Amino acid sequence: MAPTAADRAAAILREVQSTGAVTVEELAERLGVSPPTIRRDLSTLEAEGLLRRTHGGAAVIRPVHYEAFAYDSSYLEQEGRHAEEKRRIGLAAADLVGDGETIGLTAGTTATQVARSLRHRRGIAVVTNTVSVAMELSRREDLSVTVVGGQLRGGWFSLVGAQAIAGVRESFLDRVFIGVNAIDAERGLTCHHPEEAAVNRALVGQARERIVVADRSKLGQVVRCLICPTEEVHMLITDREATDAEVAPFVERGVEVRRA
């Protein structure tokens, strides 16, 4: 049976996100349909702001940045660090999300990559305290995005404080994707700033499933502020370069580990 238009769209977006660019011929062969059908699909997806047409195919849309993002060297440096690993982690995380779910996304470049990878999902409600996540999803009319209020922490474009925590607690989440500065099996999830930790802790408390997204450089590390103990999370998605020895302490504490 030939795939439906919705199935083709999901497969095309998944392929574009995975590889960065695809050709019409590759997609037609993979999906078992004609090149004209793929071209029509690509035109529709481009009109929806989900990919960019190229000569003979399509490519991923470049990240949406405010001008402030483009000139913030610390943000851009962090975004560029382990970029390929973060891209794979974001894709693996997005694959866990079902159409119609309500999810939370914390601050951080890896969590932002999760938002960037949601292009093949429909009807999702997103709750976040992060301007960069909202910008990534700003063109998605099929998604609902709630940005909680609070005091802007300029360095990471996140909203913190009592108002942010109160806003988070107005929603119940199917899943939360938690970006961290460090995660240690014994010491838990940590970040550099207490205000950020408090909002992240609130997001964790509202979620049915709690998923950490962190490349291997964060594993076994500890920084200043506790978000929550390791035992409070269900899954850790890290990169495939993480060794068995690095992930074993998390598995021993009942955390499911996936390497992307």
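Above this text is the structure in question.
Rules of the game
- Residues numbered from 1 in each chain as written.
- Predicted model: local features only at pLDDT ≥ 70, side-chain atom pairs only at ≥ 80, totals over all residues.
- Heavy atoms only, no water.
- Helix = DSSP H or I, 4+ residues; strand = E, 2+ residues; numbered from the N terminus.
- Rg over C-alpha atoms; globule rule 2.2 N^0.38 Å.
- Buried < 20%, exposed > 50% of the residue type's maximum accessible area, 1.4 Å probe, protein only.
- Areas by Shrake-Rupley, 256 points an atom, 1.4 Å probe, with all protein chains shown as cover.
- Lys, Arg positive; Asp, Glu negative; His and termini not counted.
- Charge placed at Lys NZ, Arg CZ, Asp CG, Glu CD.
- Pairing = 2+ DSSP bridges.
- Axes fitted to C-alpha atoms, helices over the stretch in contact; angles between N-to-C directions.
- Contact = heavy atoms within 4.5 Å.
- Core = buried A, V, L, I, M, F, W, Y, C linked by side-chain atoms within 4.5 Å.

Undergrad: Explanation requested: the overall build of the protein chain in the structure shown.
TA: For the protein chain, the helix and strand inventory stands at eleven helices and 15 strands. For the protein chain, the C-alpha radius of gyration of 18 Å lies close to 18 Å, the compact-globule estimate for 260 residues. Taking the principal axes of the C-alpha coordinates as reference, the protein chain spans close to 55 × 40 × 35 Å. Put simply, the protein chain has 260 residues, and 52% of those count as buried. Surface summary for the protein chain: the accessible area is close to 11,600 Å², and the carbon and sulfur share equals 49%. Within the protein chain, one finds 32 positive and 36 negative side-chain charges whose respective centroids are separated by 1 Å.

Undergrad: Just to check I follow, could you spell out the pairing of strand S11 (residues 188-191) for this structure?
TA: Consecutive side chains along a regular strand alternate between the two faces of the sheet. Sheet analysis places strand S10 (residues 182-184) next to S11, joined by three bridges and oriented antiparallel. Residue pairing in the sheet places Ile 183 in a bridge with Leu 189 of S11. Connecting the antiparallel pair S10 and S11 is a turn made up of three residues. Across three bridges, S11 lies against strand S13 (residues 225-228) in antiparallel orientation.

Undergrad: Honestly, the sheet that holds strand S5 (residues 125-128) in this entry has me stumped. Any pointers?
TA: In sheet architecture, strand pairing relies on hydrogen bonds along the backbone and comes in two forms, parallel and antiparallel. Taken together, seven strands build an open sheet; the order of strands is S6-S5-S4-S9-S12-S14-S15 and the sheet is parallel. Edge positions in the sheet fall to strand S6 (144-147) and strand S15 (256-259), since each has one partner strand and no second. Recorded for the sheet is a direction-independent mean angle of 20 degrees between the axes of neighbouring strands. Two strands pair when backbone bridges link them, and strand S4 (residues 102-105) and S5 are joined in this way by four bridges, in the parallel orientation. Each residue of the ladder has a partner; that of Thr 102, found in S5, is Ala 125. Helix H11 (residues 244-252) rests against strand S14 (235-238) and S15 of the sheet, and its axis sits at about 155 degrees to S15.

Undergrad: Quick question: what am I supposed to make of the nonpolar core here?
TA: The tendency in soluble globular proteins is for nonpolar side chains to be buried side by side. The biggest cluster of nonpolar side chains holds 32 residues, and the ones touching the most others in it are Ile 178, Val 180, Ile 183, Leu 189 and Val 212. Taken together, the elements giving at least two residues each to this core come down to helix H9 (162-168), strand S9 (173-179), S11, helix H10 (194-205), strand S12 (207-213), S13 and H11. Here this core takes five residues from H10, the largest share from any one element. Once you skip the residues sitting within four places of it in the chain, Ile 183 turns out to touch Gly 188, Leu 189, Val 212, Ala 214, Lys 218, Leu 219, Gly 220, Gln 221 and Phe 250. In this structure, Leu 96, Ala 115, Val 133 and Leu 143 belong to the second largest nonpolar core, which totals 21 residues.

On their own, these measurements won't tell you what the molecule is for.
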